Amino acid sequence: MSNPAYYVKDMDLCLSGKLILMQKTNFTIPLKSKQSMRNLLIALTFCCTSFVSFAQNQTSININQLKWLPNSHQFWVNESNNIVVYTADNLNSKTTILSKDQLTATGFSSSIQNIVWSANQKSMLIYTNSKKVWRANTQGDYWLFDLTTGKGRPIGKGMPASSLQFAKFSPNGKNIAYVSKHNLYVEDVTTGKITALTTNGTDRLINGTFDWAYEEEFFCRDGFRWNPDSKSIAYWNIDATKIRNHLMINNTDSLYPFTIPVEYPKAGESPSPAKVGVVSITTKKTLWMNIPGDPQQNYLPRMEWASANDLTVLQINRRQNEAHLFKCNPATGNAQLIFTDKDEAWVDVATSSGYDSRQWTWVENGKAFIYSSDRDGWMHLYKVSADGKQTELLTKGNYDTDFKTIDAIHGDVYFYASPTDATQQYLYKVNITTKDTVRVTPAIFNGTNNYTFSPDAQFAKHTNASITRLTNGRLVNLSNHKKVYPNTEDVFANPNLGFSLEKIKITTADNVQMDGIMAKPNNFNPDKKYPVCFYVYGEPAATVANDVPSFDSYISQLIPEGYIGIALDNRGTPAMKGREWRKSIYKKVGTLNTHDQAMATKEILKWKFIDGDRVAVHGWSGGGNMTLNLLFRYPEIYKTGVAVSSVTDHHFYDNIYTERLMGLPQDDEAAYKECSPITYAKNLKGNLLYIHGTGDDNVHYKNAEVLINELIKQGKLFNLMIYPNRTHGIFEGEGTTVHVSNTITNYLRKNNPPGAN
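Residues numbered from 1 in each chain as written. Predicted model: local features only at pLDDT ≥ 70, side-chain atom pairs only at ≥ 80, totals over all residues. Heavy atoms only, no water.

A.B. asks: Would you explain the overall build of the chain in this entry?
C.D. replies: Looking only at helices and strands, the chain has twelve helices and 43 strands in total. A compact globule built from 757 residues would reach a C-alpha radius of gyration of about 27 Å, and the chain, at 26 Å, matches this within 12%. A buried classification covers 63% of the 757 residues belonging to the chain. If you average the places of the 78 positive and of the 71 negative side-chain charges in the chain, the two averages end up 2 Å apart. (Helix = DSSP H or I, 4+ residues; strand = E, 2+ residues; numbered from the N terminus. Rg over C-alpha atoms; globule rule 2.2 N^0.38 Å. Buried < 20%, exposed > 50% of the residue type's maximum accessible area, 1.4 Å probe, protein only. Lys, Arg positive; Asp, Glu negative; His and termini not counted. Charge placed at Lys NZ, Arg CZ, Asp CG, Glu CD.)

A.B. asks: Whenever I open this one, the nonpolar core confuses me. Can you help?
C.D. replies: A general tendency of soluble globular proteins is for nonpolar side chains to be buried together. The biggest cluster of nonpolar side chains holds 87 residues, and the ones touching the most others in it are Tyr214, Leu311, Phe369, Phe551 and Ile744. Excluding residues that lie within four positions of it along the chain, Phe369 makes contacts with Leu325, Ile338, Phe339, Trp360, Thr361, Trp362, Val363, Tyr382, Lys383, Val384 and Ser385. By size, the runner-up hydrophobic cluster in this structure holds 41 residues, among which are Ile506, Phe534, Leu684 and Leu707. (Core = buried A, V, L, I, M, F, W, Y, C linked by side-chain atoms within 4.5 Å. Contact = heavy atoms within 4.5 Å.)

A.B. asks: What am I meant to see in the environment of Lys285 here?
C.D. replies: Residue position: Lys285 is located in the loop between strand 18 (274–280) and strand 19 (286–288). Overall, the relative accessible area of 63% leaves Lys285 in the exposed class. Separated by 470 residues in the primary sequence, Lys285 and Gly755 place their C-alpha atoms 71 Å from one another. Here Lys285 is in contact with Val278, Val279 and Ser280, once residues within four sequence places are set aside.

A.B. asks: Just to check I follow, could you spell out the sheet that holds strand 39 (residues 564–569) for this structure?
C.D. replies: Backbone hydrogen bonds are what pair the strands of a sheet, in a parallel or an antiparallel way. Strand order in the open sheet formed by eight strands is 36-37-39-38-40-41-42-43, with mixed pairing between adjacent strands. Of all strands in the sheet, those bounded by a partner on one side alone are strand 36 (499–507) and strand 43 (719–723). Within the sheet, the average angular offset between the axes of one strand and its neighbour, ignoring direction, is 20 degrees. As judged from the nine bridges shared by strand 36 and strand 37 (residues 513–521), these two strands associate in the antiparallel manner. In the sheet register, Glu502 faces strand 37, and the bridge partner there is Met518. Docked against the sheet, helix 7 (residues 592–604) engages strand 36, strand 37, strand 38 (530–535), strand 39 and strand 40 (610–620), running at close to 140 degrees with respect to strand 39. Contacting strand 40, strand 41 (640–644) and strand 42 (687–693), helix 8 (residues 622–633) runs over the sheet at an angle of about 145 degrees to strand 40. (Pairing = 2+ DSSP bridges. Axes fitted to C-alpha atoms, helices over the stretch in contact; angles between N-to-C directions.)

A.B. asks: So what exactly am I meant to see when it comes to the layout of surface pockets here?
C.D. replies: Quantified by volume, the second largest pocket comes out at close to 770 Å³. Lys132, Val133, Trp134, Pro261 and Glu263 are, among the 29 residues lining the second largest pocket, the residues nearest its centre. Counting only elements with at least two residues in the lining of the second largest pocket, the list comes to strand 6 (123–133), strand 16 (245–250) and strand 17 (258–263). The class makeup of the residues in the lining of the second largest pocket is nine nonpolar, ten polar and ten charged. (1 Å grid on protein atoms, 1.4 Å probe; cavity = no way out; pocket = protein on both sides within 12 Å on 5 of 7 lines; lining within 4 Å. Points joined across faces, edges and corners; volume = space filled by probe spheres on them. Nonpolar A, V, L, I, M, F, W, Y, C, P; charged D, E, K, R; others polar.)

A.B. asks: Sorry if this is basic, but what is going on with the pairing of strand 37 here?
C.D. replies: Side chains on a regular strand alternate between the two faces of the sheet. Across the nine residues that make up strand 37, a large majority, eight, are buried. If you look at the hairpin formed by strand 36 and strand 37, you'll find five residues sitting between the two strands, and Asn511 has a positive phi there, around 65 degrees. Relative to strand 39, strand 37 is paired through five bridges, and the arrangement is antiparallel. Each bridged residue has a counterpart across the sheet, and for Asp515 the counterpart in strand 39 is Asp569.

A.B. asks: What is the right way to look at the sheet that holds strand 21 (residues 310–317) in this model?
C.D. replies: If you trace the four strands from one edge of the open sheet to the other, you get 20-21-22-23, paired in antiparallel fashion. Where the open sheet ends on each side, the last strands, each with one partner, are strand 20 (298–307) and strand 23 (335–342). Mean inter-strand twist for the sheet, computed between neighbouring axes without regard to direction, equals 20 degrees. In this sheet, strand 22 (residues 322–328) lies alongside strand 21 in antiparallel orientation, the contact comprising six bridges. Among the inter-strand pairings, Thr312 is bridged to a residue of strand 22, identified as Lys327.

A.B. asks: It is not clear to me how the packing of aromatic side chains should be interpreted in this structure. Could you clarify?
C.D. replies: Considering all chains together, one arrives at 31 aromatic pairs under this definition. Ring centres 6.4 Å apart and planes at 75 degrees place the aromatic pair Phe369 and Tyr371 in the edge-to-face group. Residue Tyr371 is classed as buried on the basis of its relative accessible area of 2%. The rings of Phe210, Tyr214, Phe218, Trp236 and Tyr299 are connected pair by pair, giving a single aromatic cluster. The ring of Phe224 carries the charged tip of Lys168 above its face, separated from the ring centre by 3.3 Å. (Phe/Tyr/Trp six-rings, centres within 6.5 Å; stacked < 30°, edge-to-face > 60°. Lys NZ or Arg CZ within 6 Å of the ring centre and 35° of its normal.)

A.B. asks: Help me understand the pattern of salt bridges, please; the structure alone is not making it clear to me.
C.D. replies: Two side chains bearing opposite charge may form a pair once their charged atoms approach each other closely. All told, the structure shown has 36 salt bridges when counted by the stated rule. Put simply, Glu561 and Arg749 hold a salt bridge, and the shortest N to O gap is 2.7 Å. Placement of Glu561 in the loop between helix 5 (553–558) and strand 39 and of Arg749 in helix 12 (residues 736–751) is noted, with a sequence separation of 188 residues between them. Take Glu561: its relative accessible area is 35%, and that puts it in the partly exposed class. By relative accessible area, which is 28% here, Arg749 ends up partly exposed. (Salt bridge = Lys/Arg side-chain N within 4 Å of Asp/Glu carboxyl O.)

A.B. asks: Is there a simple way to explain helix 8 in this structure?
C.D. replies: A turn of α-helix holds 3.6 residues, and therefore any two residues three or four places apart point the same way. Between its first and last C-alpha, helix 8 extends 16 Å over twelve residues, near the 16 Å set by a 1.5 Å rise per residue. With respect to burial, helix 8 is a largely interior element, twelve of its twelve residues being buried. In this structure, the buried side of helix 8 is in contact with helix 7, strand 40, strand 41, helix 10 (669–675), strand 42 and helix 11 (702–713). (Expected span 1.5 Å × (residues − 1).)

A.B. asks: Is there a simple way to think about the state of the cysteines in this case?
C.D. replies: Within this structure, the stated rule accounts for zero disulfides. Considering cysteine sulfurs only, Cys220 is the nearest to Cys328, which forms no disulfide, with 16 Å between them. You can call Cys328 buried: its relative accessible area is 1%. (Disulfide = S-S within 2.5 Å.)

A.B. asks: What is the right way to read the side chain of Gln424 from this model?
C.D. replies: Following the sequence through the fold, Gln424 ends up in the loop between strand 29 (412–417) and strand 30 (426–431). Here Tyr426 takes part through its side chain, which lies 2.8 Å from a polar atom of the side chain of Gln424. When residues no more than four places from it in sequence are discounted, the contact partners of Gln424 are Ser418, Asn446, Gly447, Thr448, Lys503 and Asp547. (Polar contact = N/O pair within 3.5 Å; in protein donor to acceptor, adjacent residues only side chain to side chain.)

A.B. asks: Explanation requested: helix 9 (residues 655–662) in the structure shown.
C.D. replies: Within helix 9, eight of the eight residues are buried, which leaves it mostly tucked inside the rest of the structure. Asn655, Ile656, Tyr657, Thr658, Glu659, Arg660, Leu661 and Met662 are the residues of helix 9 that are buried. In this fold, the buried residues of helix 9 make contact with helix 4 (212–218), strand 20 and helix 10. Here helix 9 starts with a cap whose side-chain oxygen sits 3.0 Å from the backbone nitrogen of Ile656, and that cap is Asp654.

A.B. asks: Help me understand the pairing of strand 32 (residues 448–453) in this model?
C.D. replies: Of all six residues making up strand 32, five are buried, and the element is well covered by its neighbours. Note: strand 32 against strand 33 (residues 459–466), six bridges, orientation antiparallel. Looking at the pairing, Asn449 lines up with Asn464 of strand 33. Where strand 32 hands over to strand 33, the hairpin turn is made up of five residues, of which Ala457 adopts a positive phi near 60 degrees.

A.B. asks: Hey, could you run me through empty space enclosed by the protein in this one?
C.D. replies: Remark: the empty space left among the atoms is shown by a probe the size of a water molecule rolled over them. Taken as a whole and judged by the stated rule, the model has six cavities of 30 Å³ or more. Elements supplying a minimum of two residues to the lining of the largest cavity: helix 8 and helix 9. Classifying every residue of the lining of the largest cavity by side-chain character gives eight nonpolar, five polar and two charged.

In structure tokens:
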């Protein structure tokens, strides 16, 4: 997909306590999703170093915890369990909204994990005791607090503990809606009366949230929206009753093994039918929107109110190459098509603004909307009239954009772009009226820049980093990028990683220019030869050659011992290089991307300081797939590989992701066979270590056993490490993280030994 860089979504890909810290603090960084383990750690280091930077500059405000209040540039922080609110344009004053003593007096004794505010900011919901659902802790308890009196109580009386999801106030503040056990409820703020708006919810008939595939691949979690008039709620219903189970087996936690079913639609299997309905909170009756098309051959990944009388729903066909935007009447259910976007490969759906974010944003009081599309070859922003009849290009030029937010006061649309260096990221804005485009990020902040915007788009928390600069942060006024906190000079510190990072560009024999990051030991001697290990991902969900101060954590341990680490982004990765770069991989996931990597490696092997007899490759998830393909397809180049949690046959992965990139297997079985690494397992010559967790609900352990069988059949010797009941990130259980690290690094030391010759 395009840069629309996705948020990190495989949050279970933990390798260290630092990643757990990132989860607990909810500090998110826009990066590409479906990350490999190693790419996730790039995001981790980028994230965690910002904590250090802010802490060093901190005076009286813990800006690391900053979370914005709705429709304002106020933010709250938790100061020793006192909830304190600041205003970004007047940081000298603060208001303690709810004190620790007030919390204790109500009986609240848990941690404050998040706050949901009422529109008038006179009430709040504190989210606590959360539990994991697939990738994130989206299920927990909520406490309601009246900020006028300081009194509070838990909501959802009688519901199972830690079972409430996505609780939010009605716009008028009189009711709270939430999901529990796949049913939608509304609770009166004053009386506490709970009303069930749906009653048919089960594990497979899902109201107000989503099944595994929708969450994993469309980034859908919160499945309901209050009408602006507070009288009704629009919500999704997902029917997963006909989706077959993938059975994972647990051999360790009881005397007899037992199976764990996961509803999982694999490539070629029909999706879960979805529909959108509007339910009245008084009559409790649902009116389903009459959106045309077979619900088993179309998806409904996005929905939002345009006004009290208009509900906008995005439909995308099963092959995901056509997107249709419908305006639905909540009183009649009628659906009117207002906009269509098409692509020969696929149409991008998710954005970098996080889970449940939309491709469109209404502007000019509902008279138009901003939409992202790469229909002209670049991911650009368009202003589209409400009826879809007039489309106006806002951003012009040969560069990709990544929409972030809109300043409705001044008519400015903020977006990320990097016209000259796809490894970097800068903030720009374009004015809806004048069409003037300006770079907002000052030139001093070279590298990768991220912003957490206030809802009114007047202020933002800004972080900056590069391969030679530790992450540094500040609170800025977006009108002039003037720093409002802290009141100290910006510090640009060297990462001091124990090795150096540098950017490289490789042009292959096919005239493909690839960006790369190279790590060298500090005592590097260009007259000696070093072993090299390539860190790879290579699919349309992640880049690895990012201008940030980190490298793959496993390879990083070996670099000071005399190792060269290289990460390259091939065609098909979501680098900001235009549609052709990003989507050329369609039906070629496993062929085109591995070809690019191998051809680039051939050029690198010409360098006199690279030892061509010591060439290794390592990757996780999509990077595991790449690792296997490189070892099997180019055994003359790659001598050692460590592949983790890999898809070994494209038939085995979920339908949404796989069919988006490969088409349906029943339409092109030859492409599926040609692109799957297992087809070429017979060519293995070098050293392979394969690692997988048996509890992986994302890339199933089935992939490992089918690969094992094929390698045995072909008489190929290899090494294997299986982790019982661990998920895709292989981090659960005492000692696991250290064991994974030692297993990988020791294997590389033995089979691709470090040290200059």
